[in-house]
Amino acid sequence: MTCNGCAGANDVAIRMRIGGEEIVFRRCSKCEVNQWEAGTGEISLDEVLELARSSR
Ligand SMILES: [Zn+2]
């Protein structure tokens, strides 16, 4: 896995399930880019929050 921000391989991936969606949270330890990915591709934090809201 490489970071989109610095192209380094320093990112940490955390897999979780939010609102029935499989979400991967990535954080680069070098440039501190935070990134969210759903099955469909990259999503914004707003979309993650929306999923979390609609799951309740
Ligand atoms: Zn980076």
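Thresholds applied
- Residues numbered from 1 in each chain as written.
- Predicted model: local features only at pLDDT ≥ 70, side-chain atom pairs only at ≥ 80, totals over all residues.
- Heavy atoms only, no water.
- Helix = DSSP H or I, 4+ residues; strand = E, 2+ residues; numbered from the N terminus.
- Buried < 20%, exposed > 50% of the residue type's maximum accessible area, 1.4 Å probe, protein only.
- Contact = heavy atoms within 4.5 Å.
- Areas by Shrake-Rupley, 256 points an atom, 1.4 Å probe, with all protein chains shown as cover.
- Phe/Tyr/Trp six-rings, centres within 6.5 Å; stacked < 30°, edge-to-face > 60°.
- pLDDT = per-residue confidence, 0-100.
- Polar contact = N/O pair within 3.5 Å; in protein donor to acceptor, adjacent residues only side chain to side chain.

A closer look at the overall build of the protein
Here comes step 1: Within the protein, the secondary structure is distributed over one helix and four strands.
Here comes step 2: In sequence order, the secondary structure elements of the protein are arranged as β-β-β-β-α.
Here comes step 3: For the protein, the C-alpha atoms occupy an extent of roughly 35 × 15 × 15 Å along the three principal directions.
Here comes step 4: Going through the 56 residues of the protein one by one, you find that 27% of them count as buried.
Here comes step 5: In the protein, of all internal contacts separated by at least 6 residues, the share reaching a separation of at least 24 is 22%.
Here comes step 6: On the protein, roughly 4,000 Å² of surface is accessible, and the fraction owed to carbon and sulfur atoms is 48%.

A word on the packing of aromatic side chains
Here comes step 1: The final tally for this structure, using the stated rule, is one aromatic pair.
Here comes step 2: Considering the side-chain rings of Phe 25 and Trp 36, the 4.6 Å spacing of their centres and the 45° angle between planes classify their relative orientation as tilted. With Phe 25 in strand S2 (residues 21–28) and Trp 36 in strand S3 (residues 34–38), this residue pair connects regions lying 11 residues apart in the sequence. The residues Phe 25 and Trp 36 share a single accessibility class, namely buried.

Examining the confidence of the model for the protein
Here comes step 1: Looking at the protein, the pLDDT average stands at 87 and 96% of residues meet or exceed 70.
Here comes step 2: Within the protein, strand S1 (residues 11–18) has the poorest average pLDDT of any element, 90, and helix H1 (residues 45–54) the best, 93.

Considering the side chain of Arg 26
Here comes step 1: Within the secondary structure, Arg 26 is located in strand S2.
Here comes step 2: Residue classification places Arg 26 among the buried residues on the basis of a relative accessible area of 12%.
Here comes step 3: Reaching out from Arg 26, the side chain makes a polar contact with the side chain of Glu 37 at a distance of 2.4 Å.

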